[in-house]
Amino acid sequence: MITSLLELEELANCKRCDEASIVEELRVCIGSSCVSRGADEIEKNLKTAIENKGLQNRCRVKGVGCSGLCANGTLVSHYKNSTKENTLYEEIILDDVDALVASIEEQKSYSLKVCDTNQLFFTKQTKIVLENAGIIDPNDIEDYIAHGGYATLFHVLHEMMPVDVINEVKISGLRGRGGGGFPTGQKWESVYKVQSDQKYIVCNGDEGDPGAFMDRALMEADPHKVLEGMIIAGFACEATKGYIYVRAEYPIAVEKINRAIKQARKLGILGNQIAHSGFDFDIEVRLGGGAFVCGEATALIASIEGNRGNPRQKPPHLSDYGLWGEPTVLNNVETLANIPSILKNGGEWFKNIGTPTSTGTKIFALTGHIKNTGLVEVPMGITLRELIFEIGGGVSDGKALKAIQTGGPSGGCIPTQFLDLSIDYDSLKSVGTIMGSGGMIVIDESSNMVELAHFFMDFCKSASCGKCVPCRVGTTQLTLLLEKYIAKEATQANFELLKELSKVVKGTSLCGLGQTAPNPVLSTIRYFESEYLEGIKND
Amino acid sequence: MADIVDSRYKIIDQAMRKLGYEKSALLEVLHIAQETFGYLDRDALKFIAKRLKAPYSKVYGVATFYHRFTLKPQGKHTLVVCLGTACYIKGAKEILAALETRFAIKVTQTTNDNLLSLLSARCVGSCSIAPVMICDNKTYGKLTIDETLEKIEEILS
Amino acid sequence: MIKQKVRVKSFKINDITVTGRSDQTLLEVAKEHDIFIPTLCYLEGLSCVGSCRLCLVEVKGARELVPACTSKIKEDMEVFTTSEKIDSHRKMILSMIFSERSHTCSVCEANGDCELQDKSVELQLDHSLVPYIDSRFAIDASHKNFVHDPNRCILCSRCVRVCNEIEGANAINIGGRGINSMIIHDMDEPWIDSQSCTSCGKCVYVCPTGALYEKEITKEDVTTKREIIRNLLKNRAENE
Ligand SMILES: Cc1cc2nc3c(=O)[nH]c(=O)nc-3n(C[C@H](O)[C@H](O)[C@H](O)COP(=O)(O)O)c2cc1C
Ligand code: SF4
Ligand code: SF4
Ligand code: SF4
Ligand code: FES
Ligand code: FES
Ligand code: FES
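Note that the coordinates shown come from a computational prediction; the quantities given were computed from them, not determined experimentally. Throughout, residues of each chain are indexed from 1 in the direction in which the sequence is written. Naming scheme: in the order in which they are written, chains are lettered from A and ligands are numbered from 1. Local features are withheld for residues below a pLDDT of 70 in this predicted model, meaning they are given only at 70 or higher, and side-chain atom pairs are given and counted only at 80 or more; totals for whole chains, interfaces and linings count all residues. Side-chain metrics in this entry use all non-hydrogen atoms of the structure; hydrogen atoms and water are not considered.

1. Digging into the overall build of chain A
Counting from the N terminus, the helices are the DSSP runs of H or I reaching at least four residues and the strands are the DSSP runs of E reaching at least two. Within chain A, the secondary structure is distributed over 22 helices and 14 strands. Computed over its C-alpha atoms, the radius of gyration of chain A comes to 24 Å, within 12% of the 24 Å expected for a compact globule of 539 residues. We call a residue buried when its accessible area falls under 20% of the maximum for its residue type, exposed when it is over 50%, and partly exposed in between, using a 1.4 Å probe and counting protein chains only. Counting all 539 residues of chain A, 65% fall into the buried class. A separation of at least 24 residues holds for 72% of the contacts in chain A among residues at least 6 apart in sequence. Where accessible areas are quoted, they stem from the Shrake-Rupley method and a 1.4 Å probe; at the residue level, only the protein chains shown are allowed to cover. Taken as a whole, chain A presents about 18300 Å² of accessible surface, with 49% of it coming from carbon and sulfur. Charged residues are defined here as Lys and Arg on the positive side and Asp and Glu on the negative side; His and the ends of the chain fall outside this count. In plain terms, the charge of a residue is placed at NZ if it is Lys, CZ if Arg, CG if Asp and CD if Glu. Charge-centre separation for chain A: the mean point of 53 positive side chains lies 3 Å from the mean point of 68 negative side chains. Throughout, the radius of gyration refers to the C-alpha atoms, and the reference size of a globule is 2.2 Å times the residue count to the power 0.38. Any pair of residues with heavy atoms lying within 4.5 Å of one another is described as a contacting pair.

In structure tokens:
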């Protein structure tokens, strides 16, 4: 049990001196992408090889979370405590293990696979949420503490009042990273103000956007940061119980979070009387079941309560009537992971990153026809051009860029004329798309936009919960209509219907899923109308 | 109870007991049952419904809402092709089509010899190595059609 | 949970000033003042789910249309129950309802006594604005008294709610998801095999279409039975 900041610091120091005897670390990425390429085997073999050479007292092998450049996995970095030097190796396979360990023995670098960390992919990023990703061992709470973890929580619990915390978050300007961009401080305040014996904090780790994996990486790389953010949220809103709703498709994230919870409980960082402060808070994990709609706030609540994930009409909002009918805060994983840094450095500090209305950083999952696929964290307000061409390395296979899709099935496409657009909530909205949760799909000239619109509509159709007519029937009708375009058998009348139906589904559906499902169609019509007209047969 | 003869029912019953036979634990229990049986048949669902004192129609309604649960037994091997956006852009549809042709089954079906079930998923969170498939819980990425077919043959043989 | 005191509120519907209690919905107040709003999933005495979307109205200042059946009234709000936009949206929604399953009215038991037909008259919809989705489902006539014909179901969930909330049998639910949603008995078993159904018939008499009907019964008896059950619901609602 740790009861004070002093004890926490002692533990951190103790861990650090531990570290001091070990002068080097081999950090193997055990993020999902790398694991699927055999990273766990590599980690095991590296351990054995290090031991075989008797180097284990000098160099420790540890598994760390995703550091972003998944395209070039498996990533292994070699860290020297004395110089704080970190050499990154890319595309490491089992055959590299012996040579890599030999080079460590000889105090040389394994030049064959060195990854240049001075490239823009690394230098243009600002890591706040992902500061520990690729550095700490997500299975080890002490490693988190040694890197300053939970110190903010202790400070908050002992030195601050809930209103102070809320105020700081309000000053920071932090907006929800789950897609909607609602101001987090305001959300917390409304729940804080409601009188109730029982309140809940729910963390949305459903990550439904099919082409995004920010939250997954975060939960896998630094689960304690999410917990710390949640506990602070609990303190600020006077809630005593938290739930993390994670999609079942993310077994590794579930495992990491569950382990983190156990470790935190053991140290008294979760449970009754956290840090002797008189504040109780505990967290449980709930699994999703392959239903995108369960990312929607009211559906998620229904799902945690053990029901079909049908949304319900709002109001009442969750702040008045949430989980089990009690006031509830629902925040996205990344939103909560921003909290410890905000309270550590202050709201003003955070506000100075990004743009005035979109503060801080945002993690994006770069995928599609782009050279550097992977995760990046950048300050809000960076331009698409910088993100795609400088950080992302441009379009793959030497093809030309056609569009960038953001916001997944609820979002839209941005054509190339907007490459210098600043990435923030408002600018993206002005061109007909949304920030969304951070999926960014780069589309090259060889792709057909009607097919892409069909892909998303078909997704919405199969994700629709079926409760309300416009979404249940409308997404089906729209999917069928789009199929006519793909088969080049549409008529002019179909085009009018496509537009009219999109408008009705958007304007009359019950929840966000139906209300945004037509967006990919509307945005591709807006910028790529000719591709629709090509699908109209002339007779 | 005669129902509990099957040891797998015991596992599920233990899980329910641990969860205090709470009705809200239905999803957790279904996850455990799916894992234990590999699928959820009506007998298993009825057993769960009785133990949790939940209506049959409710349990069935929940089990069929979440696509993670399957009501039919799966083949010896399961192959999940990711059809998320990143994988779609990188040609997952063509890979799926090739698999469907090769094994003469449609997605969600199982081969006649019960060797292989073909499934699809909407993003498994490994988009950076798209296109992705998961075979018997192991993830494979950056696939071409030929590689995919080769891998499967290897696994099935 | 927070309980709020009930107050009297006055506001405007179609520029007419009306009053109601703060715990009432827009639809309830509109009905009390004889202002027409089309509904399908709503039924007095059952919980409101807001799923058919026919009752959408415009509220001044609101970004989107709001369903009258689930929206509580507010002081000074200004509501419009018709407009060009509302009318065209309602017609499109009703078309979607018709397009989802095969409503062959000429052979339907409920022909002439169907709320769905009534809506097309009320909204002056003489043909569907969207193509029909070709779908056919097996009819369940296993029950000794009742028939379930999914081809005429509009998934309004009235039957589910009456069975859960009034009869307390929980014998029906919606199974599946999205466009594959279906009304199911127990574990999607033939109605006759349902261990939960008490054969009370309530579901049959709240069904707005011919998806649930009683076998071998005269039109008069249908009317009487429906009145009995609807009155029961009404009285329960008033006594609450
Ligand atoms: C259909 C639908 C799916 C959603 N999926 C997610 C999701 O996967 N993850 C998420 O954080 N938010 C998702 N959201 C947004 C949430 O409803 C909610 O606004 C968010 O979790 C609030 O957290 P934030 O304020 O921190 O962003 C979804 C919304 C809709 C309508
Ligand atoms: S909009 Fe779609 S997902 Fe949302 S309630 Fe309606 S049918 Fe369900
Ligand atoms: S007859 Fe009565 S008990 Fe049976 S399904 Fe209908 S409402 Fe429920
Ligand atoms: S069977 Fe009738 S009452 Fe039940 S959902 Fe279908 S249309 Fe509505
Ligand atoms: S998973 Fe290894 S770098 Fe992303
Ligand atoms: S789209 Fe296939 S893993 Fe994300
Ligand atoms: S009556 Fe209001 S949505 Fe159906």
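2. Observations regarding the site of ligand 1
Residues and elements named next belong to chain A. Near, as used in this document, describes a residue that has one of its heavy atoms within 4 Å of the molecule or strand being considered. Close to ligand 1 lie 18 residues, the nearest being G178, K187, N331, N332 and T335. N or O atoms closer than or at 3.5 Å make up a polar contact, with two conditions inside protein: a donor-capable atom paired with an acceptor-capable one, and, for residues adjacent in sequence, both atoms drawn from side chains. L330 places a polar main-chain atom, nitrogen or oxygen, 3.4 Å from an oxygen atom of ligand 1. The separation between an oxygen atom of ligand 1 and a polar side-chain atom of N331 is 2.9 Å. Burial of ligand 1 by the protein chains amounts to 85% of its free accessible area of 610 Å². Secondary-structure elements contributing two or more residues to the shell around ligand 1 are strand 9 (328-332) and helix 21 (512-516). Looking at the shell around ligand 1, the element that brings in the most residues is strand 9, giving three residues.

3. Looking at the domain arrangement of chain B
All the domain ranges listed were derived from an automatic or database domain assignment. Partitioning chain B into domains gives domain 1 (7-65) and domain 2 (77-156). Its C-alpha centre places domain 1 of chain B at a distance of 29 Å from the equivalent point of domain 2 of chain B.

4. Thoughts on the interface of chain A and chain B
Residue-level contacts link 50 residues of chain A with 32 residues of chain B. As a working definition, buried area equals the accessible area (1.4 Å probe) given up by two parts on being put together, with both sides summed. Here chain A and chain B share an interface that buries about 3200 Å² over both sides, 55% of which is from carbon and sulfur atoms. Three residues stand out in chain A for area buried against chain B, namely S36, R308 and F455 of chain A, and they jointly supply 17% of the buried area on that side. Should a side-chain nitrogen of Lys or Arg be within 4 Å of a carboxyl oxygen of Asp or Glu, the pair is scored as a salt bridge. For the pair chain A and chain B, the interface holds one salt bridge. Our enumeration of links across chain A and chain B arrives at 18 residue pairs in polar contact (both at pLDDT 80 or more). Listed by contribution, the elements that provide at least two residues to the side of chain A that touches chain B are helix 2 (32-36), strand 8 (282-287), helix 13 (297-304), strand 10 (361-368), strand 14 (439-444) and helix 18 (449-463) of chain A. By residue number, the principal contributor to the side of chain A that touches chain B is helix 18 of chain A, which donates seven residues.

5. Overview of the nonpolar core
A general tendency of soluble globular proteins is for nonpolar side chains to be buried together. To form a nonpolar core, buried Ala, Val, Leu, Ile, Met, Phe, Trp, Tyr and Cys residues must be joined to one another through side-chain atoms within 4.5 Å. One finds Y150, W188, I231 and I269 of chain A to be the most contacted residues of the largest nonpolar core, which totals 102 residues. Broken down by element, this core gets its largest block of residues, nine residues, from helix 11 (residues 223-237) of chain A. Filtering out sequence-adjacent residues up to four positions away, I269 of chain A remains in contact with I141, I145, Y150, L153, F154, I231, A264 and I274 of chain A. In terms of nonpolar packing, the next biggest core, distinct from the first, is built from 53 residues, V293 and L510 of chain A together with M16 and Y56 of chain B among them.

6. A closer look at helix 1 (residues 7-18) of chain B
All names here are of chain B. An expected span of 1.5 Å times one less than the residue number is assigned to each helix. For helix 1, with 12 residues, the first-to-last C-alpha span of 17 Å sits near the 16 Å given by 1.5 Å per residue. Those residues of helix 1 not exposed but buried are Y9, I12, D13, A15 and M16. For helix 1, the arc enclosing every buried residue in end-on projection is 160 degrees, short of the 170-degree limit, so these residues lie on one face. Structural note: helix 1 exposes R17 and K18 on the side pointing more than 90 degrees away from its buried face. Directions from the helix axis toward the C-beta atoms define the arc.

7. Comments concerning unusual backbone geometry
Cis geometry is adopted by the peptide bond preceding T74 of chain A, which originates at G73 of chain A and carries an omega value of 0 degrees. Phi is positive for D34 of chain C, which is not a glycine, with a value near 55 degrees. For D34 of chain C, the location among the structural elements is in the loop between helix 1 (26-32) and strand 3 (56-59). Phi is positive for D186 of chain C, close to 45 degrees, though the residue is something other than glycine. Within the element layout of this structure, D186 of chain C appears in the loop between strand 8 (182-185) and helix 5 (202-206). We classify D186 of chain C as buried; its relative accessible area is 0%.

8. Section: helix 7 (residues 145-156) of chain B
All names here are of chain B. Over its 12 residues, helix 7 extends 17 Å from the first C-alpha to the last, a length consistent with the 16 Å expected when each residue adds 1.5 Å. Of all the residues in helix 7, the buried ones are T148, I152 and L156. When helix 7 is viewed along its axis, its buried side chains cluster within an angular range of 60 degrees and face the same direction. Exposed residues lying more than 90 degrees from the buried face of helix 7 are D146, E150 and E154. Contacts made by the buried residues of helix 7 are with strand 1 (77-82), helix 6 (92-103), strand 2 (116-121) and strand 3 (133-135).

9. Digging into the interface of chain A and chain C
Each partner contributes residues to the interface: chain A has 39 residues there, and chain C has 34 residues. Between chain A and chain C we count 14 residue pairs in polar contact (both at pLDDT 80 or more) in total. Looking at the side of chain A that touches chain C, the elements with two or more residues in it are helix 18, helix 19 (469-486) and helix 20 (492-508) of chain A. Nonpolar residues are Ala, Val, Leu, Ile, Met, Phe, Trp, Tyr, Cys and Pro. Charged residues are Asp, Glu, Lys and Arg, and all others, Gly as well, are polar. For the side of chain A that touches chain C, the class distribution of residues is 16 nonpolar, 15 polar and eight charged.

10. Concerning a negative patch on the surface
All names here are of chain B. Residues D146, E147, E150 and E154 make up a contiguous surface patch of negative charge. Within the secondary structure, E154 sits in helix 7. When its relative accessible area of 56% is taken as the criterion, E154 is described as exposed. Patch membership requires more than 30% relative accessible area and the absence of a salt bridge. Residues of like charge join within 9 Å; the nonpolar side chains Val, Leu, Ile, Met, Phe, Trp and Tyr join within 5 Å.

11. Remarks on the packing of helix 1 of chain B against helix 2 (residues 26-37) of chain B
Residue and element names in this part refer to chain B. Angles shown run from 0 to 180 degrees and are taken between the N-to-C directions of axes, each axis being a line fitted to C-alpha atoms and, for helices, limited to the stretch in contact. Interaxial distance between helix 1 and helix 2 falls to 10 Å at its minimum, and their mutual angle equals 160 degrees. Looking at the two axes, helix 1 sits roughly antiparallel to helix 2. For the element pair helix 1 and helix 2, the recorded crossing hand is right-handed. From helix 1, R8, Y9, I11, I12, A15 and M16 reach across to helix 2, where they touch V29, I32, A33, T36 and F37. In what follows, roughly perpendicular refers to angles from 65 to 115 degrees, roughly parallel to angles under 35, roughly antiparallel to angles over 145, and oblique to any angle outside these ranges. Note on convention: the crossing is left-handed when the near helix lies turned anticlockwise from the far helix by less than a right angle, right-handed when the turn is clockwise.

12. A short note on the packing of aromatic side chains
Pairing of aromatic rings covers Phe, Tyr and Trp, the last through its six-membered ring, and needs centres within 6.5 Å; plane angles under 30 degrees mean stacked, over 60 mean edge-to-face, and all others mean tilted. Applying the stated rule across the entire model yields 19 aromatic pairs over all chains. On the basis of an interplanar angle of 15 degrees and a centroid distance of 5.9 Å, the ring pair of F279 of chain A and F281 of chain A is categorised as stacked. Each residue in the set F235, F279 and F281 of chain A is aromatic and connected to the rest through ring pairs, giving one cluster. Charge-over-ring contacts are defined here by two conditions on Lys NZ or Arg CZ: a distance within 6 Å of the ring centre and an angle within 35 degrees of the ring normal. The aromatic ring of Y79 of chain A is capped on one face by R27 of chain A, whose charged end is 4.1 Å from the ring centroid. A cation over an aromatic ring shows up here: R102 of chain B above the ring of F103 of chain B, its NZ or CZ 4.5 Å from the ring centre.

13. Regarding the sheet that holds strand 7 (residues 241-246) of chain A
Residues and elements named next belong to chain A. Should DSSP find at least two bridges between two strands, the strands are regarded as paired. The strand order across the open sheet built from four strands is 8-7-6-9, with neighbouring strands paired in parallel fashion. On the outer flanks of this sheet lie strand 8 and strand 9, each paired with one strand and no other. Adjacent strand axes in the sheet meet at a mean angle of 20 degrees, parallel and antiparallel pairs treated alike. Taken together, the five bridges between strand 6 (residues 200-205) and strand 9 define a ladder with parallel strand orientation. Looking across to strand 9, one finds that C203 is bridged to N331. Of the strands in this sheet, strand 6 and strand 9 touch helix 14 (residues 333-345), which is tilted by about 95 degrees from strand 9.

14. Details of the side chain of Q515 of chain A
Looking at the secondary structure, you find Q515 of chain A in helix 21. One polar contact links the side chain of Q515 of chain A to the main-chain carbonyl oxygen of L510 of chain A, over a distance of 3.4 Å. When near neighbours in sequence (up to four residues on either side) are disregarded, Q515 of chain A contacts V505, K506, S509 and L510 of chain A together with E64 of chain C.

15. A short note on the confidence of the model for chain B
On a range of 0 to 100, pLDDT expresses the predictor's confidence in each residue. Mean pLDDT over chain B: 92, with 97% of residues reaching 70 or higher. Overall fold confidence for the complex sits at a pTM of 0.96, while the interface term, ipTM, reaches 0.96.

16. Brief notes about the environment of L218 of chain A
Looking at the element boundaries, L218 of chain A is found in helix 10 (residues 214-221). The spacing of L218 of chain A and G439 of chain A is 221 residues in sequence and 14 Å in space, taken between C-alpha atoms.

17. Examining the domain arrangement of chain A
Under the domain assignment, chain A is made up of domain 1 (19-117), domain 2 (149-351), domain 3 (361-444) and domain 4 (449-533). Each of domain 1 of chain A and domain 4 of chain A was reduced to a C-alpha centroid, and the two centroids are 48 Å apart.

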